[in-house]
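# Close look at the chain arrangement
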Amino acid sequence: MPCSGASASASRCFTWNNSQQRRSAAKGQLMFDVLVIGAGHAGCEAAAAAARFGARTALLSFRSQDAGQMSCNPSIGGVGKGHLVRELDVFDGLMARAADAAAIHRRMLNRSKGPAVWGPRVQADRVHYRAAIERLLGELPVERIQGEAIALLMEGNRVTGVDLADGSRLLSRTVVIATGTFLDARIFIGEESQASGRSGEQASIRLAHQVRELGLAARRLKTGTPPRLDGRTIDWARLEEQPSDAEAWLFSTHPQPERGLPQLRCAITRTTNATHDIIRAAEGRSPLYSGVIEGRGPRYCPSIEDKVRRFGDRDGHQIFLEPEGLGDALVYPNGISTSMPRDIQTSFVRSIPGLERAEIARPGYAVEYEHVDPRRLGSDLQLRDLAGLYLAGQINGTTGYEEAAAQGLVAGLNAARSAAGQGPTLFDRRSSYIGVMIDDLTLQGVTEPYRMMTARAEYRLLLRADNAVSRLGEQALASNAVSAERATAIRAHLESRSDPAFAASEEGQADALYAPYVERQQREWDAVDRSRCVLIPSDLDYRLLPGLSAEMAERLDAARPETLDQASRIPGITPAALTALYVGTLRAAA
C-alpha cells in the first residue's frame, strides 16, 4: 500500500504484511494504519496527528457533523487548560487555530498574578468553531466514515480493526478509542432518564459491552451541563458587564488567516438565598442524591446542587452568562450545571437577579458514562495488555475539551508511529502540561473526572503558556508530525532566543523574572535524575523483590511505573519501598 498524506516520507511508508489482512482487502474491506473511533475533540486531534505523520487514517463517528461539536460550554482554554491548547499548537494541533477563528470573547485569566499562571481563554461561536475544525480536517488526508463501531477485532493480544453495526468491517494496524461520554452513557433530568451521550444523540452501547467483557471498564463517572437560556429574555441592563480583552491575543502561533469575529460582552450575576432554598427543598427529586446516578462528578466543577449542599453557608455563587454565538440567542450560564427536574430548573433560574423572566431553551442535564482505569495504559496511551489499542479523552477519566484534545494528540501520533514501526513520542511532566496529565493519569488513575490545573505541575514556573514553543519546539520537530510551514516557524523562534532583543519581549522578560527559581529547580531535577531515571523492566515481578511489602508490591503492580522517578510519585509509596525497588531493578538489569 503506498504512503498517504502530504508529509509522507520514505521513512514512514506503511506496508501490509499480514496475509489475512491482504485477503480481507481483496474482499473489499477497508484497511488503515490508524482508525479513530469518535470525532470529538480527542478523536479529531488523534486523526489529525496521525494524518500529519503520514499514516493512512480513518475517523469513524455516528454522524458526519459530529466533528468539532462543543457539547458543553462554548469556551476553550483557562488556567492550566490554556497551557494545554498552546502546547497542542506547537505540534500543529487543531484546537488553537479553531479557537482563534471562532473567538467572540477573549480573556486572559489571572492577569493580576505572575505569567506562569496566566490562563488564555476564549468564548467561541459554536458554529464557527465546528466549521473551523471541519476546514482544518479537510486539509488533511483523513478518511471520514459514518457508522457505529460495535466490536473490536483481535488476533491474540493485538487489535486489528473493528466491526460496524451495518455488518461491514474496518481493518487497521492500530485503533484509537475516543468515545467521550458516549460509552454506555445515560442522561438524567430529574426523574427522566435515557440512553444518550449527548442531548438527542445515541450512546455507544455494544462497544461498551465488549469493553466490560475485556475487563477494561473501571467504573462510571458523571459530568453535567447547565440549562441554556434564551438571551432575549435576560435583563442585561441589571447585570455586571465583562468586556473582552482589548488586546487581540491569539492561541496559535499561526497567523489568523482572516479578519477576526466581532467581540461580545459577557455578564455576571449570582445565585441568591432564594435560589438555594428552592434547590434544598427539591433535593429529594435530584438524581444525584436519590441513588440513581452512581458516578462521581468533577470536584472542581460541581453542579449547583453540590454547591448548595457543600457550601450552604455562602450567600451566593457567581454565574457567568456567556453567549453561544453571533447568530444564536442561546446563553450558557456557566456555574449552574444541574440535573434537577425541569420545573425546579425554571424556578431557581428565575430567582437569580437579571433572570427573573428568563426562558429555558434547553434544560440542563447530567450524563453518566463508563471509563477505563488509565493505569492500564502506557505513557503513549496504548493499552499495555492489548497491543495496537490506544485510548484518549473522557474514556480515560478526564473532563474538558482541552484535556481530551491533548490526549488525542498523544494517542494519534503514537498510534501512527507504532504502525510505522517507530518508537513513541513521550511527554515529560517537567517540560509540558501534557506530560503532567499523562503522568498523573497513567500512574495515579482517577477517582473523579480529572481536570487540568496549574497546581498539578511541580514545575509550573517554567511551564508557562507563553513559552510553549521554546519548551516543546525541538520535540515537535523530532515527531515528524508538523507541517513544513510550522517547522519553519518553530526553527525561527528557537533561533530568535539567542538574539539579544529576545530579552525585551514578553517571554524573555518572564524568563528573567523566574530564572533564579528555575535554576534552583534544575538543580533539584539533576539530583532526582541521578538516582531516579533508572528504567524499570516492564515484566518485573514486584512480589519477588526482597524488602518490598505486599502492599507496596500491589501499588506498584497496579501503576506499572516505567522509571524510578514515576514510582516515587505513586500515592503511598514509601522511601523504603523505593530503596528496595532501586536495588531490585539494578539486580534485574545485571
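A few points on the structure. (Residues numbered from 1 in each chain as written. Predicted model: local features only at pLDDT ≥ 70, side-chain atom pairs only at ≥ 80, totals over all residues. Heavy atoms only, no water.)

## Regarding the sheet that holds strand 17 (residues 330–334)
Taken in spatial order, the six strands of this open sheet run 14-15-16-17-13-18, and their pairing is antiparallel. The sheet is open, and its two edges are formed by strand 14 (240–242) and strand 18 (360–362), each paired on a single side. Each adjacent strand pair in this sheet contributes to an overall mean axis angle of 40°, direction not counted. Of the strand pairs in this sheet, strand 13 (residues 228–230) and strand 18 are connected by two bridges, and their pairing is antiparallel. (Pairing = 2+ DSSP bridges. Helix = DSSP H or I, 4+ residues; strand = E, 2+ residues; numbered from the N terminus. Axes fitted to C-alpha atoms, helices over the stretch in contact; angles between N-to-C directions.)

## Focus: the packing of aromatic side chains
Considering all chains together, one arrives at three aromatic pairs under this definition. Ring plane angle 55° and centroid distance 6.2 Å describe the contact between Phe62 and Phe182, whose orientation is recorded as tilted. In this pair, Phe62 sits in the loop between strand 2 (57–61) and strand 3 (75–77) while Phe182 sits in the loop between strand 9 (169–177) and strand 10 (186–189), placing the two residues 120 residues apart along the sequence. A cation over an aromatic ring shows up here: Arg111 above the ring of Trp118, its NZ or CZ 4.4 Å from the ring centre. Directly above the aromatic system of Phe311 lies the positively charged group of Arg314, at a separation of 4.8 Å from the ring centroid. (Phe/Tyr/Trp six-rings, centres within 6.5 Å; stacked < 30°, edge-to-face > 60°. Lys NZ or Arg CZ within 6 Å of the ring centre and 35° of its normal.)

## What to know about the nonpolar core
If you look at the biggest cluster of nonpolar residues, it comprises 108 residues, and the most contacted ones within it are Ile76, Tyr129, Leu137, Val162, Val175, Val176 and Leu389. With ten residues, the single largest contributor to this core is helix 10 (residues 401–419). Setting aside its immediate chain neighbours within four residues, Leu137 contacts Cys44, Ala48, Leu59, Ala67, Leu94, Val142 and Arg144. Formed by 19 residues, the second largest nonpolar core is a distinct cluster that contains Ile234, Ala282, Val349 and Leu355. (Core = buried A, V, L, I, M, F, W, Y, C linked by side-chain atoms within 4.5 Å. Buried < 20%, exposed > 50% of the residue type's maximum accessible area, 1.4 Å probe, protein only. Contact = heavy atoms within 4.5 Å.)

## Re the side chain of Ser568
With respect to the secondary-structure elements, Ser568 resides in helix 16 (residues 564–568). Within the structure, Ser568 has its side chain in polar contact with the backbone oxygen of Asp565 (distance 2.5 Å). Not counting residues up to four positions away in its chain, the partners in contact with Ser568 are Arg532 and Leu578. (Polar contact = N/O pair within 3.5 Å; in protein donor to acceptor, adjacent residues only side chain to side chain.)

## Some thoughts on the packing of helix 7 (residues 273–281) against helix 9 (residues 342–349)
The packing of two helices is summarised by the inter-axis angle and the distance between the axes. In the contact formed by helix 7 and helix 9, the axes pass within 9 Å of each other and the chain directions differ by 165°. In terms of orientation, helix 7 lies roughly antiparallel with respect to helix 9. Helix-helix and strand crossings are classified by hand; for helix 7 and helix 9 the assignment is right-handed. From helix 7, Thr275, Ile278 and Ile279 reach across to helix 9, where they touch Ile344, Ser347 and Phe348. (Parallel < 35°, antiparallel > 145°, perpendicular 65-115°, else oblique. Left-handed = near helix turned anticlockwise from the far one by under 90°.)

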